[in-house]
Amino acid sequence: MNNIPSPDSTSVRVSSIQRFSIHDGPGIRTTVFLQGCPLRCPWCANPETQDPLSGKMMSVSQILSVVERDADYYRHSGGGVTFSGGEPLMQPDALEALLKASKASGFHTAVETSGETAGENLLRAEPFTDIFLFDIKHCDAKIFRKVCSGSLDTILRNLEALSKSGKVIARIPCIPAFNMDADTVRGIFALALSLGIKEAHLLPYHTLAKDKYARLGRTWGWEQSGISKEDVEPFACLGREAGLRIRIGG
Ligand code: SF4
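**Student:** Explain the packing of aromatic side chains residue by residue, including any values.
**Tutor:** Under the definition given, this model contains seven aromatic pairs. Three or more aromatic residues joined by ring pairs make a cluster, and in this case those are Trp43, Phe178 and Trp222.

In structure tokens, the structure reads:
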């Protein structure tokens with residue numbers, strides 16, 4: 001959970017920047033993938049973002065100059081900029097600077113987070129963030145620790161504190177043989193509702209990143225077949241019955 005040291009507050013370690021993204025928040029967006037993640041989810045679709053020392057260094061103004069290219073699309077679609085990863089809160093100084101600069105340019109801002117960070121990092125980002133896409137992967141700390149190598153206690157503490165802002169959307173990766181049973185999913189929905197969260201996105205597990213692992217010389221870590229939107233629909237029904245706005249996909 002250590003933050004990546006930043007040579008100065010405007011240097012950012014970036015994995016990639018994706019324009020015209022439609023899965024990382026409302027409208028058409030530019031998604032900036034920051035480098036580094038404290039977790040090791042075996043189904044991770046962005047394994048190249050995990051190493052905190054890879055990627056390339058960019059300044060905040062260089063990143064903003066890419067983001068600004070599609071300002072017209074954001075205006076017409078209700079989109080904006082999303083900071084993702086990896087875990088963007090591993091670079092809290094850089095993230096805060098990016099969010100401030102984005103807001104100064106009038107852009108809608110979203111942060112995708114695993115929640116595995118020091119609470120103060122989230123609270124620093126909050127005033128400049130319009131929505132947080134906050135992963136809730138499981139409610140059992142032992143299972144979460146064993147599979148994802150993280151601390152669910154830290155994540156839930158952060159989720160509870162951040163939920164008071166009213167800006168949190170729950171992102172639930174639907175992973176066979178991990179959390180795709182009715183009791184586990186009901187538990188996640190109940191947790192979200194108890195914190196005043198009104199919307200959840202269900203993300204069907206896929207195996208599209210397998211080739212990336214081969215290129216990185218690593219082994220794909222979750223031997224399950226990919227699933228479809230239809231496979232997730234019964235869980236979507238449970239969420240709607242519980243009172244959440246549910247979307248399948250990001
Ligand atoms: S939290 Fe996200 S980026 Fe980090 S290992 Fe898990 S899936 Fe990958």
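**Student:** Could you give me a rundown of the sheet that holds strand β7 (residues 168-174), with the residues and numbers involved?
**Tutor:** Taken together, the nine strands give an open sheet; going across it, the order is β3-β1-β2-β4-β5-β6-β7-β8-β9, and neighbouring strands pair in mixed fashion. Each edge of the sheet is formed by a strand with only one pairing partner; in this case those strands are β3 (56-59) and β9 (245-248). Strand-to-strand, the axes of this sheet are offset by a mean angle of 30°, without reference to chain direction. One ladder, built from four bridges, connects strand β8 (residues 199-204) with β9; its direction is parallel. Residue pairing across strands places Glu199 opposite Arg245, the latter belonging to β9. Across the face of the sheet, helix α1 (residues 60-67) comes into contact with β1 (11-21), β2 (29-34), β3 and β4 (80-84) while running at roughly 80° to β3.

**Student:** Account for the layout of surface pockets, with residues named and values stated.
**Tutor:** Estimated volume of the largest pocket: approximately 1000 Å³. Taken together, 36 residues make up the lining of the largest pocket; nearest its centre are Ala45, Asn46, Arg171, Leu203 and His206. Elements represented by at least two residues in the lining of the largest pocket include exactly β1, β5 (108-113), β7 and β8. Looking at side-chain class alone, the lining of the largest pocket contains 13 nonpolar, 14 polar and nine charged residues.

**Student:** Quick one: what's the story with the site of the ligand, residue by residue and with numbers?
**Tutor:** Taken together, Cys37, Leu39, Cys41, Cys44, Gln50, Gly86, Ser114 and Lys137 form the complete shell of residues around the ligand. Split into classes, the residues belonging to the shell around the ligand amount to four nonpolar, three polar and one charged.

**Student:** Describe the pairing of β2, with residues and values.
**Tutor:** Within β2, six of the six residues are buried, which leaves the element mostly enclosed by the surrounding structure. Burial along β2 is two-sided: the residues Arg29, Thr31 and Phe33 and Thr30, Val32 and Leu34 are all buried. In terms of strand pairing, β1 meets β2 through five bridges, oriented antiparallel. Paired with Ser16 across the two strands is Phe33, which belongs to β2. Pairing between β2 and β4: five bridges, direction parallel. Paired with Phe33 across the strands is Ser84, a residue of β4.

Cut-offs and rules
Residues numbered from 1 in each chain as written. Predicted model: local features only at pLDDT ≥ 70, side-chain atom pairs only at ≥ 80, totals over all residues. Heavy atoms only, no water. Phe/Tyr/Trp six-rings, centres within 6.5 Å; stacked < 30°, edge-to-face > 60°. Pairing = 2+ DSSP bridges. Helix = DSSP H or I, 4+ residues; strand = E, 2+ residues; numbered from the N terminus. Axes fitted to C-alpha atoms, helices over the stretch in contact; angles between N-to-C directions. Contact = heavy atoms within 4.5 Å. 1 Å grid on protein atoms, 1.4 Å probe; cavity = no way out; pocket = protein on both sides within 12 Å on 5 of 7 lines; lining within 4 Å. Points joined across faces, edges and corners; volume = space filled by probe spheres on them. Nonpolar A, V, L, I, M, F, W, Y, C, P; charged D, E, K, R; others polar. Near = heavy atom within 4 Å. Buried < 20%, exposed > 50% of the residue type's maximum accessible area, 1.4 Å probe, protein only.

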